[in-house]
Amino acid sequence: MMTIQQATSGARMGLPRQVSLAGGKVVVLRAMERWHRHEVTTFVRALPPGAGLVMPMDVTDDAAADEWIAALASGHAFNVLAYEEGRLVAYAGLRRGTTAWTQHLGEFSLLVRSGWPTIELGQHLCRELVGVALDLGLRKIVTQIRSDDEDARTIFADIGFLPEAVLVDQVIDEHARTYDLLIMSCTLANYSQPTPVDAPAVDCEEESAAPDARDRSGVPPPNRPADFDRIVRDLPK
């Protein structure tokens, strides 16, 4: 089994690199480093109320941010950032279990700036993290999203996540409004490792968009059931 440092090395991941989205948008994907801390916390603070409540910790709090960066440095976490013309527009994080009984698990979190094609960009970022989880030998990945976030539900369902539970009034924002959280998970035995493309990481200073250096198209088709929305509605609360 690889360490997270091996699984997420720049050469292996092909980062940084450019990705073309529908509508002519181009983003650069980068692996997050310690020095991105202030930029990411500023990004989270600027999100609409309630958007950042899906994070495993409050990264806008200095003590929590210290722990968050320590997890990144120790290899218990890996984050991918998406930029448009130098502006951070999305964040995706993978945090692996830290105890002996959760070492087979990984947790995803995803944040996308308002006004962006959330579903397409989110799927690109999450497929990157699925590849890392596979390389790490993780058996299961989970995520918690607001139950009213239809874009997030679509992103995770379409890459193979299934609903497990709805937690009522699980989180509360700064305006004392509560939100239900939907827990979704994916068993990685359902996936086969995508075949890496031997393309080098791009020089992101170049203006022209380059093809994905690590193609995630080998990820099998989604196992989203036709009655997905009914399953969510019928989950025990």
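Everything quoted here is computed from the prediction, not taken from an experiment.

Peer 1: A description of the overall build of the chain should follow, citing residues and the corresponding values.
Peer 2: Within the chain, the regular secondary structure consists of seven helices and eight strands. By the burial criterion, 45% of the 237 residues in the chain qualify as buried. Contacts in the chain between residues far apart in sequence, at least 24 positions, make up 68% of those at least 6 positions apart. Working note: accessible area of the chain is about 11,500 Å², and carbon and sulfur atoms make up 50% of it.

Peer 1: Describe the nonpolar core, with residues and values.
Peer 2: Core analysis: the biggest nonpolar cluster contains 40 residues, and Phe108, Leu121, Leu125 and Phe156 have the highest contact counts within it. At the level of secondary structure, the elements contributing two or more residues to this core comprise strand 2 (26-31), strand 3 (77-84), strand 4 (87-96), strand 5 (105-112), helix 5 (118-135), strand 6 (140-146), helix 6 (150-158) and strand 8 (178-187). One finds Met57, Val59, Leu72 and Leu111 within the second-largest nonpolar core, a separate group that totals 19 residues.

Peer 1: Which residues make up the packing of helix 5 against helix 6, and what values go with them?
Peer 2: For the pair helix 5 and helix 6, interaxial distance at closest approach is 9 Å and the crossing angle is 40 degrees. Between helix 5 and helix 6, the angle is such that the two are oblique. Every pair of crossing elements has a handedness; the one defined by helix 5 and helix 6 is right-handed. Facing helix 5, whose interface residues are Thr118, Ile119, Gly122, Gln123, Cys126 and Arg127, helix 6 presents Asp151, Thr154, Ile155, Phe156 and Asp158. In terms of residue class, the contact of helix 5 with helix 6 is made up of four nonpolar, four polar and three charged.

Peer 1: Give me unusual backbone geometry: which residues, what numbers.
Peer 2: As a rule of thumb, non-glycine residues mostly have phi less than zero, and peptide bonds are mostly trans rather than cis. Within the chain, aspartate 169 stands out as a residue other than glycine whose phi angle is a positive 50 degrees. For aspartate 169, the location among the structural elements is in strand 7 (residues 162-172). Accessibility expressed as a relative area gives 48% for aspartate 169, which makes it partly exposed.

Peer 1: Describe helix 6, naming the residues involved and giving the relevant values.
Peer 2: Of all the positions in helix 6, only Ala152, Arg153, Ile155, Phe156 and Ala157 are classed as buried. Sitting at the head of helix 6, aspartate 149 places a side-chain oxygen 3.3 Å from the backbone nitrogen of aspartate 151. Where helix 6 ends, the next residue or the one after it, glycine 160, has phi of about 110 degrees, a positive value.

Criteria and cut-off values
Residues numbered from 1 in each chain as written. Predicted model: local features only at pLDDT ≥ 70, side-chain atom pairs only at ≥ 80, totals over all residues. Heavy atoms only, no water. Helix = DSSP H or I, 4+ residues; strand = E, 2+ residues; numbered from the N terminus. Buried < 20%, exposed > 50% of the residue type's maximum accessible area, 1.4 Å probe, protein only. Contact = heavy atoms within 4.5 Å. Areas by Shrake-Rupley, 256 points an atom, 1.4 Å probe, with all protein chains shown as cover. Core = buried A, V, L, I, M, F, W, Y, C linked by side-chain atoms within 4.5 Å. Axes fitted to C-alpha atoms, helices over the stretch in contact; angles between N-to-C directions. Parallel < 35°, antiparallel > 145°, perpendicular 65-115°, else oblique. Left-handed = near helix turned anticlockwise from the far one by under 90°. Nonpolar A, V, L, I, M, F, W, Y, C, P; charged D, E, K, R; others polar. Polar contact = N/O pair within 3.5 Å; in protein donor to acceptor, adjacent residues only side chain to side chain.

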